Every structure is written in C-alpha cells, then in structure tokens.
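Take a look at the letters that make up each chain.
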Amino acid sequence: MNRSFRVQLAWRATGAVALGLLGIAAATLFTLRAYLDSELDGSILNVASIQAASLTEPASGAMRFHEWDLTPDEAVSVRDLVQYAQVWQSDGISLLRSQYMTTDLPLDIAHLARAGAGELVWADMEWQGMAIRSLFYPLERMGQLHERHVLQVAAPLEGRNQLLQRVTAFLGLMVLLLSAATFAGAWWLAERSVRPVHEVIGQAEAIGAGSLDRRIQAYADTLEYRHLVEVLNTMLGRIQRAFDAQRRFTADASHELRSPLTAMRGELEIALRRDRASEEYRQVLQSTLEEVVRLSTITEDLLTLARSDSGAMQPRGEDADLADVVERIAARLGPLAQDRGNRIETDLHPSRGRFDVSLVGQLLWNLMDNAVKFAPAGGRVEVTARREGDELVLLVADDGPGFGPDPEHIFDRFYRADRARTRPHGSAGTGLGLAIVKAVAEAHQGSVSAADGARGGARVTVRLPAAGAHLGPEEA
C-alpha cells in the first residue's frame, strides 16, 4: 500500500507537470514558427520589391536582376540566403532567372494566373530536394511594359526548419528532465508525507485490549497530522473508558447474579441434607422464589440497558399528559408507601407533550420506587410535573439520606453511593434502576440530573423535549 500510494502520487504529479510543460513547449514552438515565418515573408517581400524595381528600371523594357557577382564557391556558401528569382510570362514561359540558378523554380499555373491578375500569392513548394517559400509578385504594378510579367522570388526553409528542430529537441529534453525531477521530488514528498501515517499505524496496531491506556506518540510536523493524532488519542480515551465501564459492569453483573444463585444453592443444599417438615420446605421455596424474582428483575433490567446500548430503544411518540402518568404510578406505589409508613405527595400541572408513555412510565416507576424505598418511616416523597417552555420537567424528591459526595455517578450501573442508600429496609434493588432512567431520558433526547436537597434528601430532575419531533409514530 505504501509503495502504491507513493507511485500514484509521483505519477500523478509527473503527469500534471509533463502536460503543463508540453503545453508550454507547443505554445513556444507555435509562436517561434509564426515569428520566423513572419520574418522570412518580410525578407522575401523586401527582396521582391528591390528586384521588381531593378527589373523595370530600364525605359527600354529590358530586364536584369540586381545581383552580386559571386564565384560558384561563394554562391554555394550563400545558398540559404534569398537568392532565387525568376520572371515568368503570364502564359508560363520563363523570361529570366537568377544567374546562380541552374533550373527553373517550380511553377503553379493557378498561382501564376492569380498573380497575373494583380494579386500577391504565397506558396510553400519543393525545389531541388529542399523546401522553399515562394512569392509570386505581379510586375504590372511597375508599368505597362510588364503587364504580362510575374516575378517569382523564393527562399529556402532549411534554416528555419533546422532551428525549429533544435528548439523542439531542446524543449523535449527539458520536458524529460523536469518530469524526471518532478517524479523524484514527488516520490520523496510522498515518502515524507506518509511516514507519520506509518508510525501512527504501527503504534495503533500495537494497542490491544490489555494496553488501552497507551497513546499514540507519532511525530507529526504538520497541523493535519497532529490533529489526526489528537483525534485518535481522544478516540482511544473514549474506548478505554467504555471498555473499563463495560468491564466493571460485567464484574458487577456477575456479582449481582452470583449472589442470589449462591443463596439459592445454599438453601437448597441445606434443605436436601435430611428430611424436613413441609413448613420448612415451604420456607425454603419461598426464599428461593424471592431470589428467582430478583434474578428475573436483574435480567429484565440488563435486557433493557442492552437495548439502549444497541440503539434498539426507539421511543414511539404519542400525545399524552405527563401528569396522568405520574398519577397512575403514584396510585400503584401507594400501598408500598403506606406499608413503609411514607406518603407520596404530587404537585401536578398541565404538562402535555409527545413522548413514549410506556418508557416514561418505566422511568417514573424506577424514580418513585427508589424514592419510596429510601425515604425514612414517616417520610414523604414529592413528585412534581410541569411544562416549562418547550420542555416537560419532572422532579422526584425524598427526605432520605441523599446521594453523598458523587451524585453525578448515581446513574452508573450497579453504583452504590454509600451504605445508607444500599438496599434499605431489606429491599432488593438491582442497582440498575437509575441507569435505566438515564437511558430512557437520553432516548427521548432529554437529560437527567441528581443532587442532594438543601435540607437533606435526594432530588432527581428529568427534562424531556415537549414536541418530541424526533420520535417515531405511535404504533397501531
């Protein structure tokens, strides 16, 4: 993967640079060729003008080129210069040609006819194995004696073509060298860029379930990589906290499940050691039934929390009044409160909203049942329900021992604040009730908080969105 990434980055960078350089090279060659052609055409036109003036200067009409007297060797040395000129009659008969020419220039009758009509005609042609640039220059503009005469001036293109070839070779070499340099630079940059990633991967792979307290220490000299390391370390911290909480939860759940099973096993083993009276067997069965009920309660609570953890707790919204739910739960818990010598007092206000009545009923039962169990004999449990703006507010308070110094932890699973709030009066709490309260509140996108009252006791406040727009439709 490392090599593939480096190769891809290097090739992509090289391809982009090469395309850019090829574009620049093509534009350079196009501009240079246009410039050279323009200069060459200007030179040919100047020579044609000079030769036309020389040809038509004699009043007699006799024509003679303005030429240097060169030896054959000198003529060869200036072969690349503009030195080819020939005069044609409009019917294609050659009248005069330069003294250094041994054969006629190539003639195109169509070009000759256009020039005879008074037009300047340019043409690229082949002559004696070389490319030439020709101009057909009408001499009629020089006087009536030359109405049927056309001057053809040509210059070789070999010099221009060689220059373009050398420039093309130079630009091609530059493109290759710069592309190679780009590939090498991109390869080095890719290697430097991915080195911190490999360090992060190596350290992350070394972190296992037994070393979640380790953090990634990879060196990163860029803001993006530093941010990546910070995000990964933050994620590892969350995973560690969740893993520790899950491990504590597993240990606590195992302990809570083992206790009633151990008690049941001990009572049954004792009962089976010898024959006993029916009343003794009844007592053993009654005690075992209590432990079975406790196991069933713990199991149901664990399943509820498992549904919450997996996201399967999806509240079904329906329009209802929170005060009605409080009254129903208070009526069900009334006999238990009376048995303990307590009383439930409600302060209910119109608090209609959209929520899952079943889940909120479970939330209320856990809160009020918990408050009744911890309220002292002759104490009271106060329940308030009201609507504040866009929120439904539920307050449950008792005058028991309170939560102690760590009220924020009471919603942890199997958490016990202190002995004063641990199974009072022989009650068999599971330690999961308040955890379920928090799960139900969060499933409604609400919140729950706990604190000790100003005059003692415990206070739990639940806030739920009144609109419940995020909730699913009510099931039929």
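Residues numbered from 1 in each chain as written. Predicted model: local features only at pLDDT ≥ 70, side-chain atom pairs only at ≥ 80, totals over all residues. Heavy atoms only, no water.

K.L.:
Explain the overall build of the protein here, please?
P.N.:
Assigned secondary structure in the protein consists of nine helices and twelve strands. Taken over 476 residues, the protein has a buried fraction of 37%. Surface accessibility of the protein: about 27100 Å² in total, with carbon and sulfur atoms responsible for 55%. (Helix = DSSP H or I, 4+ residues; strand = E, 2+ residues; numbered from the N terminus. Buried < 20%, exposed > 50% of the residue type's maximum accessible area, 1.4 Å probe, protein only. Areas by Shrake-Rupley, 256 points an atom, 1.4 Å probe, with all protein chains shown as cover.)

K.L.:
For this particular structure, what's the right way to read the side chain of Gln89?
P.N.:
Mapping Gln89 onto the fold places it in strand S1 (residues 84-89). The class of Gln89 is buried, set by a relative accessible area of 17%. In this view, Gln89 contacts Leu95, Leu112 and Arg148; residues no more than four positions away in its chain are not counted. (Contact = heavy atoms within 4.5 Å.)

K.L.:
I keep staring at the packing of aromatic side chains and nothing clicks. Help me out?
P.N.:
Within a pair of aromatic rings, the relevant descriptors are the distance that separates the centres and the angle that separates the planes. Counting across every chain of the model gives three aromatic pairs. Through a chain of ring-to-ring contacts, three or more aromatic side chains come together here, namely Trp11, Phe183 and Trp187. (Phe/Tyr/Trp six-rings, centres within 6.5 Å; stacked < 30°, edge-to-face > 60°.)

K.L.:
Just to check I follow, could you spell out the sheet that holds strand S7 (residues 343-348) for this structure?
P.N.:
To summarise the sheet geometry, strands pair through backbone hydrogen bonds and adopt either a parallel or an antiparallel arrangement. Spatially, five strands are ordered S7-S9-S10-S12-S11 in an open sheet, and the strand pairing comes out mixed. Edge strands, defined here as strands with exactly one partner in the open sheet, are S7 and strand S11 (447-452). For this sheet the average axis-to-axis angle between neighbouring strands, irrespective of direction, equals 15°. Here helix H9 (residues 433-443) sits on the sheet and contacts S11 and strand S12 (458-465); the angle it forms with S11, its principal contact strand, is near 140°. (Pairing = 2+ DSSP bridges. Axes fitted to C-alpha atoms, helices over the stretch in contact; angles between N-to-C directions.)

K.L.:
What am I meant to see in the pairing of S12 here?
P.N.:
Across a regular strand the side chains alternate sides, sitting on one face of the sheet and then on the other. Residues Ala458, Val460, Val462 and Leu464 point to one face of S12 and are all buried, whereas Arg459, Thr461, Arg463 and Pro465, pointing to the other face, are not buried. Of the strand pairs in this sheet, strand S10 (residues 391-398) and S12 are connected by eight bridges, and their pairing is antiparallel. Across the sheet, residue Val396 finds its bridge partner in S12, namely Val460. Note that S11 and S12 share six bridges and pair antiparallel. Within the sheet, the bridge partner assigned to Asp452 lies in S12 and is Ala458.

K.L.:
Just checking my understanding: could you explain the environment of Asp321 for this structure?
P.N.:
Assignment of secondary structure puts Asp321 in strand S6 (residues 318-321). With 64 residues separating them along the chain, Asp321 and Ala385 place their C-alpha atoms 9.5 Å apart. Discounting residues that sit within four places of it in the chain, Asp321 has contacts with His349, Pro350, Ser351, Arg352 and Phe355. In this structure the side chain of Asp321 is engaged in a polar contact, spanning 3.1 Å, whose partner is the side chain of Ser351. (Polar contact = N/O pair within 3.5 Å; in protein donor to acceptor, adjacent residues only side chain to side chain.)

K.L.:
Explain the packing of helix H7 (residues 322-339) against helix H8 (residues 357-374) here, please?
P.N.:
To characterise two packed helices, one gives the angle between the axes of the helices and the distance between these axes. Contact geometry of H7 with H8 gives a least axis separation of 9 Å together with a crossing angle of 40°. Considered as vectors, H7 and H8 are oriented oblique to each other. Regarding H7 and H8, the two cross each other, and that crossing is right-handed. For the pair H7 and H8, contact is made by Leu322, Val325, Val326, Arg328, Ile329, Ala330, Arg332, Leu333, Leu336 and Ala337 and by Val357, Val360, Gly361, Leu364, Trp365, Met368, Asp369 and Val372, respectively. (Parallel < 35°, antiparallel > 145°, perpendicular 65-115°, else oblique. Left-handed = near helix turned anticlockwise from the far one by under 90°.)

K.L.:
So what exactly am I meant to see when it comes to the sheet that holds strand S5 (residues 149-156) here?
P.N.:
With antiparallel pairing, five strands are arranged side by side in an open sheet as S2-S1-S5-S4-S3. Each edge of the open sheet is held by one strand with a lone partner, namely strand S2 (94-97) and strand S3 (121-127). Averaged over neighbouring strand pairs, the angle between their axes works out to 25° when direction is ignored. Here strand S4 (residues 130-138) pairs with S5 via seven bridges, running antiparallel.

K.L.:
How should the confidence of the model for the protein be read in this particular structure?
P.N.:
Reading fine detail from the predicted coordinates is not recommended where pLDDT is low. Per-chain confidence: the protein averages 81 in pLDDT, with 85% of residues scoring 70 or above. Scored below 50 in pLDDT, residues 418-428 makes 24 contacts in the model with residues more than four places away or belonging to other chains. (pLDDT = per-residue confidence, 0-100.)

K.L.:
I'm lost on unusual backbone geometry in this one. Help?
P.N.:
Trans peptide bonds make up most of the peptide bonds, and negative phi angles are found at most residues other than glycine. Although it is not a glycine, Gln128 adopts a positive phi angle of roughly 55°. The topology assignment puts Gln128 in the loop between S3 and S4. If you check the backbone angles, Gln445 has positive phi at about 60° while not being a glycine. With respect to the helices and strands, the residue Gln445 is situated in the loop between H9 and S11. The class of Gln445 is exposed, set by a relative accessible area of 56%.

K.L.:
Can you walk me through H7 in this structure?
P.N.:
One full turn of an α-helix is made of 3.6 residues, so residues set three or four places apart face in the same direction. Spanning 18 residues, H7 covers 26 Å between terminal C-alpha atoms, matching the ideal 26 Å at 1.5 Å per step. Largest kink in H7: about 45°, centred on Leu333, with the proline Pro335 one to four residues after it. If you check which residues of H7 are buried, you get Leu322, Ala323, Val325, Val326, Ile329, Ala330, Leu333, Gly334 and Ala337. Contacts from the buried residues of H7 go to S6, S7, strand S8 (352-355), H8, strand S9 (380-388) and S10. Between a side-chain oxygen at the N-terminus of H7 and the backbone nitrogen of Ala323 the separation is 2.9 Å; the capping residue is Asp321. Gly341 occupies a position one or two residues after H7 and carries a positive phi of about 75°. (Expected span 1.5 Å × (residues − 1). Bend = angle between axes of the 7 residues up to and from the residue.)

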